[in-house]
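Analysis of the macromolecular model
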Amino acid sequence: MKVKVIGKTNLSGTSKKTGKDYNINMVYVTHKANGVEGESCEEIALQANSYPFRDIIIGKVYDVDRDSRGYVVAFEPAN
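A brief structural summary. (Residues numbered from 1 in each chain as written. Predicted model: local features only at pLDDT ≥ 70, side-chain atom pairs only at ≥ 80, totals over all residues. Heavy atoms only, no water.)

1. Some thoughts on the overall build of the chain
The helix and strand inventory of the chain stands at zero helices and five strands. Going from N to C terminus, the chain has its helices and strands arranged as β-β-β-β-β. Across its three principal directions, the C-alpha atoms of the chain cover 40 × 25 × 20 Å. Residues counted as buried form 24% of the 79 residues belonging to the chain. When contacts within the chain are restricted to residue pairs at least 6 apart in sequence, long-range pairs at least 24 apart make up 40% of them. Taking the average place of the 11 positive charges on the side chains of the chain and the average place of its 10 negative ones, the gap between the two points comes to 5 Å. (Helix = DSSP H or I, 4+ residues; strand = E, 2+ residues; numbered from the N terminus. Buried < 20%, exposed > 50% of the residue type's maximum accessible area, 1.4 Å probe, protein only. Contact = heavy atoms within 4.5 Å. Lys, Arg positive; Asp, Glu negative; His and termini not counted. Charge placed at Lys NZ, Arg CZ, Asp CG, Glu CD.)

2. Considerations on the sheet that holds strand S5 (residues 72-77)
Backbone-to-backbone hydrogen bonds pair the strands of a sheet. The strands run either parallel or antiparallel. What the five strands build is an open sheet, ordered S3-S2-S1-S4-S5; its pairing is antiparallel. Since the sheet does not close on itself, it has two edges, and those belong to strand S3 (40-47) and S5, each with one partner. Each adjacent strand pair in this sheet contributes to an overall mean axis angle of 30°, direction not counted. (Pairing = 2+ DSSP bridges. Axes fitted to C-alpha atoms, helices over the stretch in contact; angles between N-to-C directions.)

3. Description of the environment of Tyr22
The topology assignment puts Tyr22 in strand S2 (residues 21-31). Taking C-alpha positions, Tyr22 is 9.0 Å from Ala48, a pair spaced 26 residues apart along the chain. Sequence-distant contacts of Tyr22, that is, excluding residues within four places in its chain, are made with Leu11, Ser12, Gly13, Thr14 and Ser15.

4. Here we look at the side chain of His31
In this fold, His31 is placed in strand S2. In this structure His31 comes out as buried when scored by relative accessible area, which is 9%. Separated by 2.9 Å, the side chains of His31 and Glu42 make a polar contact. (Polar contact = N/O pair within 3.5 Å; in protein donor to acceptor, adjacent residues only side chain to side chain.)

5. A short note on the side chain of Asn25
With respect to the helices and strands, Asn25 occurs in strand S2. At 2.8 Å, the side chain of Asn25 and the side chain of Asn10 are in polar contact. A distance of 2.7 Å separates a polar side-chain atom of Asn25 from the backbone oxygen of Tyr51. Excluding residues that lie within four positions of it along the chain, Asn25 makes contacts with Thr9, Asn10, Ile44, Ala45, Leu46, Ala48, Tyr51, Pro52, Phe53 and Ile56.

6. Here's the deal with the nonpolar core
Counting residues in each nonpolar core, the largest one holds eleven residues, listed as Val3, Val5, Val27, Val29, Ile44, Leu46, Tyr51, Ile56, Tyr62, Val64 and Phe75. Elements supplying a minimum of two residues to this core: strand S1 (2-14), S2, S3 and strand S4 (61-66). Beyond its immediate sequence surroundings of up to four residues, Val64 is in contact with Met1, Val3, Ile44, Val72, Ala74 and Phe75. (Core = buried A, V, L, I, M, F, W, Y, C linked by side-chain atoms within 4.5 Å.)

Structure representation (structure tokens):
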């Protein structure tokens with residue numbers, strides 16, 4: 001699915017629940033959706049070690065691929 005990045009933020013710290021460290025990039029995107037006039041929007045969580053914050057460019061279009069459970073398996077610039 002093609003999405004356009006409209007915002008991003010980095011979240012890192014230690015989970016209160018598990019005690020494990022986390023480092024994720026939240027990416028805010030818009031995309032076409034059935035039944036929506038205009039565009040729909042959502043936030044996508046990306047592992048920071050796989051998708052560095054500095055490499056995610058606001059205003060750029062990306063291709064997102066997800067597995068059968070909805071987890072992101074690819075987030076790459078669209079051609």
